[in-house]
Amino acid sequence: MEKGYSQQKYSELSSGGKLPRIGYGTGSAKGLDTILEEAISIGYRHIDTAAIYGNEEVIGKAISKAMKEGKVKREDLFITTKVFSEKHDVAKSLNKSLQALQLDYVDLFLIHWPVGDWDKESQTFKQPPLHVTWKQMEDLVKQGKCKAIGVSNFNVQLLVDLLSYAEIKPACNQIEVHPYLVQEDLIRFCKKNNIEIVAYSPLGSSYPEPSGKNHDRCC
Amino acid sequence: MAVAILSLQVKIMIDVVDKLIISLGITKEPVVLELAAKHNKTPSQIILNWHLSRGYVAIPRTSTLSRLRENLESDTFEMTPEEIKKISALNKNARVWDLKDMEMAGNVPVFA
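As a starting point, this report considers the structure included with it. Everything quoted here is computed from the prediction, not taken from an experiment.

## Some thoughts on the overall build of chain B
On a plain count of helices and strands, chain B comes out with five helices and two strands. Overall, chain B shows an N-to-C arrangement of helices and strands of α-β-α-α-β-α-α. Scored against the burial criterion, the 112 residues of chain B give a buried share of 45%. Across chain B, every contact between residues at least 6 apart in sequence was considered, and the portion connecting residues at least 24 apart equals 55%. Carbon and sulfur atoms form 60% of the exposed surface of chain B, whose accessible area is close to 6000 Å².

Written as structure tokens, this is what we have:
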């Protein structure tokens, strides 16, 4: 049975927010300003970005223009951004993102990868323990800088640990999913625990990050 | 002059990088093509519909205007549970972002 796409479905987050089922993954897409304008015009409301994509300023300009022109209201948009590895300095990263995006808050703020920067010398990752980072993420919600918090690229084991101490539970786990990587167990676990799945590279393809595939960080 | 040449080189490099789309080729799978023909949809719409039918969110990226609408309209039809299962059967635990060529790969929990 055909359903009009104006009846676009949403996922209800444990935080209370509504996440449109089809979002626009910005990654390093070319000509983003033009394409975002068109995306908003035809009905996209969920826009996914990250500090590492280096496109938050372009997105900020595009959404601010769309809002000024009355095409969309802030409360109808769902904007996600992520703190990149580095040292998981989440407050500094979110403040920078908000400034670039010209926003007072994002709808969802994610830890991009469970690990920080790779230190070649010691052959370890540099980051504080996740419980320390998560506490700082929770503080950002309390400060009103993000409506919801979540994670990306977390496996079941990491989520079990996080759920054991989280005061604010992760609203989402953004992971790679497509027909060659169906992620049955991880999806089942997340659904059971009210953690929404957001699938990146859903078609099994991606653009390389601007710095190329061999940089020294997770991407 | 030197600056102009340098910026041109950078621009060419960016153009080349943008064309290097990593693709696992799922849109060329016979089962996906067969379902696309059956439902009169594109292979990408079939795959996105598979995600939505499984009950979660997908964030496709594209820099092609026509694909924007195509992706957004991927929930305007329904596939049967059998058709969804056929697509899921393509699983081979292959990643786009496998980080295989990075020295830390074995230490990232999600890949362990």
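Moving on, there is more to tell.
## What about the overall build of chain A?
Summing up its helical and strand segments, chain A has six helices and twelve strands in all. Looking at the 219 residues of chain A, the share that counts as buried comes to 59%. A separation threshold of at least 6 residues defines the contact pool for chain A, and within that pool the share at least 24 residues apart is 65%.

## Quick word on the sheet that holds strand E6 (residues 106-111) of chain A
The strand order E3(A)-E4(A)-E5(A)-E6(A)-E9(A)-E10(A)-E11(A)-E2(B) describes an open sheet built from eight strands, whose pairing is parallel. Every other strand in the sheet has two partners, leaving strand E3 (24-25) of chain A together with strand E2 (57-58) of chain B as the edge strands with one partner each. In this sheet, strand E11 (residues 196-200) of chain A lies alongside strand E10 (residues 172-176) of chain A in parallel orientation, the contact comprising five bridges. What sits directly across from Gln-174 of chain A, in E11 of chain A, is Val-198 of chain A.

## Focus on the pattern of salt bridges
Two side chains of opposite charge can pair, provided their charged atoms sit close to one another. Residue and element names in this part refer to chain A. What the rule picks out here adds up to 14 salt bridges over all chains. Taking the shortest distance from any N to any O, the salt bridge between Lys-65 and Glu-69 comes out at 3.6 Å. A relative accessible area of 38% means that Lys-65 is categorised as partly exposed. Overall, the relative accessible area of 44% leaves Glu-69 in the partly exposed class. Asp-119 is the salt-bridge partner of Lys-126, the closest N and O atoms lying 3.8 Å from each other. Ionic contacts of the salt-bridge type, sharing partners, join the residues Glu-37, Lys-65, Glu-69 and Lys-71 into one network.

## Concerning the pairing of strand E5 (residues 78-83) of chain A
Residue and element names in this part refer to chain A. Counting buried positions over the six residues of E5 gives six, a clear majority of the element. Every second residue of E5 is oriented toward a common face, with Phe-78, Thr-80 and Lys-82 on one face and Ile-79, Thr-81 and Val-83 on the other, all of them buried. Bridge count for strand E4 (residues 46-48) against E5 is three bridges, and the pairing is parallel. Looking across to E5, one finds that His-46 is bridged to Phe-78. Taking the sense of rotation as the criterion, the β-α-β connection linking E4, helix H2 (residues 56-68) and E5 turns out right-handed. Direction of pairing for E5 relative to E6: parallel, over a ladder of four bridges. Its bridge partner being in E6, Lys-82 is matched across the sheet by Leu-110. Handedness of the β-α-β unit built from E5, helix H3 (residues 90-101) and E6 comes out right-handed.

## What to know about the interface of chain B and chain A
Taken residue by residue, the interface counts 61 residues in chain B and 72 residues in chain A. Interface area for chain B against chain A, summed over the two sides, is near 6500 Å², with a carbon-plus-sulfur share of 62%. Of all residues in chain B, Ile-59, Arg-61 and Trp-97 of chain B give up the largest surface area on contact with chain A, accounting jointly for 14% of the area buried on that side. At the boundary of chain B with chain A, the tally comes to one salt bridge. When the shortest N-O distance is used, the salt bridge between Glu-184 of chain A and Arg-54 of chain B registers 3.8 Å. Applying the counting criterion to the chain B and chain A interface returns 24 residue pairs in polar contact (both at pLDDT 80 or more).

## Topic: H2 of chain A
Residues and elements named next belong to chain A. Between its terminal C-alpha atoms H2 stretches 18 Å, which fits the 18 Å expected from 13 residues at 1.5 Å a residue. Of all the residues in H2, the buried ones are Glu-56, Ile-59, Gly-60, Ala-62, Ile-63, Ser-64 and Ala-66. Phi turns positive one or two residues past the end of H2, at Gly-70, with a value near 75°.

## Quick word on unusual backbone geometry
Positive phi, normally seen in glycine, also occurs at Gln-102 of chain A, with a value near 55°. Positionally, Gln-102 of chain A belongs in the loop between H3 and E6. A positive phi angle, close to 60°, is found at Asn-40 of chain B, a residue other than glycine. Take Asn-40 of chain B: it is sitting in the loop between helix H2 (30-39) and helix H3 (43-53). Residue Asn-40 of chain B is classed as exposed on the basis of its relative accessible area of 69%.

## Brief notes about the packing of aromatic side chains
Scanning the entire structure with this criterion turns up two aromatic pairs over all chains. When the ring centre of Tyr-105 of chain A is taken as reference, the NZ or CZ atom of Arg-74 of chain A above it lies at 4.0 Å.

## Describing the packing of H2 of chain A against H3 of chain A
Residues and elements named next belong to chain A. Contact geometry of H2 with H3 gives a least axis separation of 7 Å together with a crossing angle of 45°. As far as their axial angle goes, H3 and H2 are oblique. Each of Glu-56, Glu-57, Ile-59, Gly-60 and Ile-63 in H2 lies in contact with H3, whose residues at this interface are Ser-97, Ala-100 and Leu-101. In terms of residue class, the contact of H2 with H3 is built from four nonpolar, two polar and two charged.

Criteria and thresholds
All chains use their own residue numbering, which begins from 1 and follows the written sequence. Ligands are numbered from 1 and chains lettered from A, in the order in which they are written. Given that the model is predicted, a residue must reach a pLDDT of at least 70 before its local features are reported, and side-chain atom pairs must reach 80 or more before they are shown or counted; all residues, however, enter totals for whole chains, interfaces and linings. By convention in this description, side-chain values take in all heavy atoms of the structure and omit both hydrogens and water. In this description a helix means any DSSP run of H or I spanning at least four residues, a strand means any run of E spanning at least two, and both kinds are numbered starting from the N terminus. The rule is simple: take the accessible area with a 1.4 Å probe, protein chains only, and divide by the maximum for that residue type; under 20% is buried, over 50% is exposed, in between is partly exposed. Contact definition: two residues touch when any of their heavy atoms are within 4.5 Å. For the area figures, the Shrake-Rupley method with a 1.4 Å probe applies, and any residue is considered shielded solely by the protein chains shown. Only strands that DSSP links by at least two bridges are regarded as paired with each other. The term salt bridge refers to a side-chain nitrogen of Lys or Arg lying within 4 Å of a carboxyl oxygen of Asp or Glu. Orienting the strands away from the viewer, one traces the path from the first strand over the helix to the second; a clockwise path indicates a right-handed crossover. When two parts are put together, the accessible area they lose, computed with a 1.4 Å probe and summed over both, is reported as buried area. Contacts described as polar in this section are N or O atom pairs within 3.5 Å, which, within protein, must combine one atom able to donate a hydrogen with one able to accept it, while residues neighboring in sequence count only if both atoms come from side chains. To estimate how far a helix should extend, the number of its residues minus one is multiplied by 1.5 Å. In summary, the pairing rule links any two rings of Phe, Tyr or Trp, Trp by its six-membered ring, whose centres are within 6.5 Å, and it sorts them by plane angle into stacked for under 30 degrees, edge-to-face for over 60 and tilted for everything else. In this analysis the charged atom, NZ for Lys or CZ for Arg, is taken to sit over a ring once it is within 6 Å of the ring centre and within 35 degrees of the ring normal. Note on definitions: angles span 0 to 180 degrees between N-to-C directions of axes, and those axes are lines fitted to C-alpha atoms, for helices only across the stretch in contact. Roughly parallel covers angles under 35 degrees, roughly antiparallel covers those over 145, roughly perpendicular covers 65 to 115, and oblique covers all other angles. Under the scheme applied here, ten amino acids are nonpolar (Ala, Val, Leu, Ile, Met, Phe, Trp, Tyr, Cys and Pro), four are charged (Asp, Glu, Lys and Arg), and all others, including Gly, are polar.

The quantities given are spatial measurements derived from coordinates; they are silent on function.
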